[in-house]
Amino acid sequence: MTAFVELDHSGPSATDGEIAAINLESARRGAWARFARDARLPGAAEAIVDQERLAAQFLGDLDSLDRLEGLATQFARVDDSSRAALVEAEVASAVHRFDDARSHLARAAHMGGLRDTIERHLLTIDQASGVKLDAVLAARRRIATASGQHEDLVPLAALLADLERFAEADAVYQQAFYSYDDVSPFPLAWVCFQLGMLWGELVPVPDPHLAALWYRRAIAYLPGYVKARVHLAEIYTSQKQNGDAELLLLPALSSRDPEVRWRLADVLIAQERFEEAETQLATARLGFDELLERHLLAFADHAAEFYAASGNDYRRALELALANVANRPTRRAIKQAHAIALNVTPSV
């Protein structure tokens, strides 16, 4: 196994991932230009939300979150319709301010926003925050059964994974993957990444070989997929393939995701390159601190994981984990907080 990634040909075909990333950046800039000319132009603000979220989710451009908050503020100043409330709800949800997002959706409903759109947003928020999951599951099943579409199957599979119904989750993810009938690599890379997470981190007995297969597929579809590189590098490091892990991480250093430098530091420590590792850890720590200052709720869980590990600050890790649980009491959040709490020595 090497850091060179090839896509086997058993999955759906898609546009070259590097070209797709270039096209995304061009579309993102074009959407901002249209918004600058006429902020109320139909679909302009909504297109920016979609494109900035892709840039953050896949390419590690976490400055996108700041741009999104600026967009929501600007749009609300010039548009007093339900559109602005829906944009504000999407942006608030993107940074895990779920209570704010619900308030914006209530305002959108009061202003006559489309009921189906609002209900879909509420489903996403309830699922992300771990509430009303029986009702969310019933709705997800109904929607996915009716449409059979990738965009409806993936959140259903994610919810099944959250509920620890792993075999069902795998089956629905596979259905979403093999039934995909478009050419964008982003949705395919996303479902591959989710399958990697499922088998590498969520199941009671992880299967790193199977997880690595799906992460490699995600990277093959989208070479700039930062999180997939990070997670695959973790597997390589655990298998003492430190050179391969380093090669995976180096192209992602240009991203704004501090986890890249954290995981690279771990690789360097494994290679006894301690001075280089300390430099990377310091940069990772600074990156997490900056993100927490601006978007605490969006990064509390990842930062807690960092401080409980290489960041070496269990008390701060516990504070962040508890903040995450208070905001979204999911099973994973509660497990994380409990695991960290076990390592915090009570004050005498």
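A quick note: this is a predicted structure, and the numbers were derived from the prediction, not measured.

Conventions adopted
Sequence order as written defines the numbering, with residues in each chain counted from 1. Per-residue local features of the predicted model are confined to residues with pLDDT of at least 70, and side-chain atom pairs are confined, for both listing and counting, to 80 or more; whole-chain, interface and lining totals are unaffected and use all residues. To obtain the side-chain values, all non-hydrogen atoms of the structure were used and water was disregarded. Each helix is a run of H or I in the DSSP string that is no shorter than four residues. Each strand is a run of E no shorter than two, and both are numbered from the N terminus. Burial status follows relative accessibility: with a 1.4 Å probe on protein chains alone, a residue under 20% of its type maximum counts as buried, one over 50% as exposed, and anything between as partly exposed. Two residues form a contact once any of their heavy atoms are found within 4.5 Å. Salt bridges are identified by distance alone: a Lys or Arg side-chain nitrogen within 4 Å of an Asp or Glu carboxyl oxygen. Definitions used throughout: a 1 Å grid over protein atoms alone; a cavity as a set of points that fits a 1.4 Å probe which cannot get out; a pocket as an open set with protein on both sides within 12 Å along at least five of seven lines; a lining residue as one with an atom within 4 Å of a point. Grid points are joined across faces, edges and corners, and a volume is the space filled by probe spheres set on the points. The arc in question is traced by the directions running from the helix axis to the C-beta atoms. The predictor attaches a confidence to each residue, called pLDDT, with possible values from 0 through 100. Only buried Ala, Val, Leu, Ile, Met, Phe, Trp, Tyr and Cys residues count toward a nonpolar core, and they belong to the same one when joined by side-chain atoms within 4.5 Å. One less than the residue count of a helix, multiplied by 1.5 Å, gives the span that helix is expected to have. Centres within 6.5 Å make a pair out of two Phe, Tyr or Trp rings, where for Trp the six-membered ring is used; the pair is then stacked when the planes are under 30 degrees apart, edge-to-face when over 60, and tilted otherwise. For a ring to carry a charge above it, either NZ of a lysine or CZ of an arginine must fall within 6 Å of the ring centroid while also lying within 35 degrees of the normal to the ring plane.

With that out of the way, let us pick up the side chain of S129. By the element assignment, S129 lies in helix 6 (residues 115-129). Taking the relative accessible area as the measure of exposure, S129 reaches 2% and is therefore buried. When neighbours within four sequence positions are excluded, S129 is seen to be in contact with F98, R102, N327, R328, P329 and T330.

Counted according to the given criterion, the structure contains 31 salt bridges. Across the salt bridge formed by R102 and D99, the nearest N and O atoms sit 3.7 Å from each other. In this pair, R102 and D99 are both assigned in helix 5 (residues 98-110), three residues apart and thus about one turn of the helix distant. Measuring nitrogen to oxygen at the nearest pair gives 2.6 Å for the salt bridge that ties R316 to D289. Remark: D289 occurs in helix 15 (residues 274-308) and R316 occurs in helix 16 (residues 314-327); sequence separation between them is 27 residues.

In this structure, the second largest pocket occupies an estimated 200 Å³ of space. What lines the second largest pocket is a set of 16 residues, and nearest its centre among them are L59, G224, V226, P251 and S254. Elements represented by at least two residues in the lining of the second largest pocket include exactly helix 1 (17-37) and helix 12 (226-238). At three residues, helix 1 tops the list of elements feeding residues into the lining of the second largest pocket.

A few words now on helix 17 (residues 331-341). All of the buried residues along helix 17 are A333, Q336, A337 and I340. Viewed along the axis of helix 17, the buried residues span an arc of 95°, placing them on a single side of the element. Every exposed residue of helix 17 that faces more than 90 degrees away from the buried side is listed here: K335 and H338.

Before going further, it helps to examine the confidence of the model for the protein chain. Of the residues in the protein chain, 96% have a pLDDT of 70 or more, and the chain-wide mean is 94. For the stretch residues 1-7, pLDDT sits under 50, and the model shows 18 contacts to residues farther than four places along the chain or on other chains.

Another aspect to go through is the nonpolar core. The biggest cluster of nonpolar side chains holds 101 residues, and the ones touching the most others in it are F35, L71, V87, Y173, L198 and Y225. Considering every element that reaches this core, the biggest residue donor is helix 15, with 13 residues. Apart from the residues lying within four places of it in its own chain, the contact partners of F35 are A44, A45, I48, L71, Q74 and F75. In this structure, L86, A89, A101 and I118 belong to the second largest nonpolar core, which totals ten residues.

Glancing now at helix 5. With 13 residues, helix 5 ought to run about 18 Å at 1.5 Å a step, and its terminal C-alpha atoms sit 18 Å apart, in line with that. Check the buried side of helix 5 and you find it contacts helix 4 (82-94), helix 6 and helix 16. Following helix 5 by one or two positions, G112 has its phi on the positive side, about 90°.

One pass over the full model with this rule turns up 15 aromatic pairs. Between the aromatic rings of F58 and W190, the centroid separation amounts to 6.4 Å while the plane-to-plane angle is 85°, which identifies the pairing as edge-to-face. Of the two residues, F58 sits in helix 2 (residues 44-59) while W190 sits in helix 10 (residues 185-202), which places them 132 residues apart along the sequence. Looking at W190, the relative accessible area reads 26%, which means it is partly exposed. Measuring from ring centre to ring centre gives 6.2 Å for F177 and Y221, while their planes differ by 70°; the resulting arrangement is edge-to-face. In this pair, F177 is assigned in helix 9 (residues 166-178) and Y221 in helix 11 (residues 208-221), connecting sequence segments 44 residues apart. Note on F177: relative accessible area 0%, which makes it buried. Joined through ring pairs, the aromatic side chains of F58, F186, W190, F193, Y215 and Y225 make up one cluster. Taking the ring centre of W214 as reference, the NZ or CZ of R217 above it sits at 4.7 Å.

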